[in-house]
Amino acid sequence: MKVVLDKEKCTLCFSCVAICPEVFEGKEDGTVDVKEEYKGVEITDENLKEKIREAAEACPAMAITIEE
Ligand code: SF4
């Protein structure tokens, strides 16, 4: 799985960061994004994938896209 966060859509609610801080983080510029080490990277860890799915479902702006 790969995960993409659309910063244009993001409303900065921080739900994804609360649910899956391993992958999502608040940046110094005040935005939220996927951590650099996970950008464009195939994520295979099942626990992490589950948390990412949870975060995507919880996102009120539907800003998180998962590519399976
Ligand atoms: S859950 Fe969605 S709207 Fe909230 S910070 Fe994450 S990407 Fe942005």
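Residues numbered from 1 in each chain as written. Predicted model: local features only at pLDDT ≥ 70, side-chain atom pairs only at ≥ 80, totals over all residues. Heavy atoms only, no water.

1. Section: the overall build of the chain
Move 1: Secondary structure assignment for the chain yields two helices and four strands.
Move 2: Counting from the amino terminus, helix and strand elements in the chain follow one another as β-α-β-β-α-β.
Move 3: For the chain, whose C-alpha radius of gyration is 11 Å, the value lies close to the compact-globule estimate of 11 Å for 68 residues.
Move 4: For the chain, the spread of C-alpha atoms along the principal axes amounts to about 30 × 20 × 20 Å. (Helix = DSSP H or I, 4+ residues; strand = E, 2+ residues; numbered from the N terminus. Rg over C-alpha atoms; globule rule 2.2 N^0.38 Å.)

2. Section: the side chain of Lys49
Move 1: Of note, Lys49 is situated in helix α2 (residues 46-58).
Move 2: Residue class for Lys49 comes out buried when judged on its relative accessible area of 13%.
Move 3: Those residues within four positions of Lys49 in sequence are excluded, and the remaining contacts are Met1, Ile43 and Thr44. (Buried < 20%, exposed > 50% of the residue type's maximum accessible area, 1.4 Å probe, protein only. Contact = heavy atoms within 4.5 Å.)

3. A word on the pairing of strand β1 (residues 2-5)
Move 1: In β1, alternate side chains face the same way, and those of Val3 and Leu5 are buried while those of Lys2 and Val4 on the opposite face are not.
Move 2: For β1 and strand β4 (residues 64-67), the ladder comprises four bridges, and the chain directions are antiparallel. Each residue of the ladder has a partner; that of Val3, found in β4, is Ile66. (Pairing = 2+ DSSP bridges.)

4. Focus: the side chain of Asp33
Move 1: Relative to the assigned elements, Asp33 resides in strand β3 (residues 32-34).
Move 2: The buried category is assigned to Asp33, whose relative accessible area is 6%.
Move 3: Setting aside chain neighbours within four positions, we find Asp33 in contact with Leu5, Lys7, Val23, Phe24, Glu25, Lys27 and Lys39.

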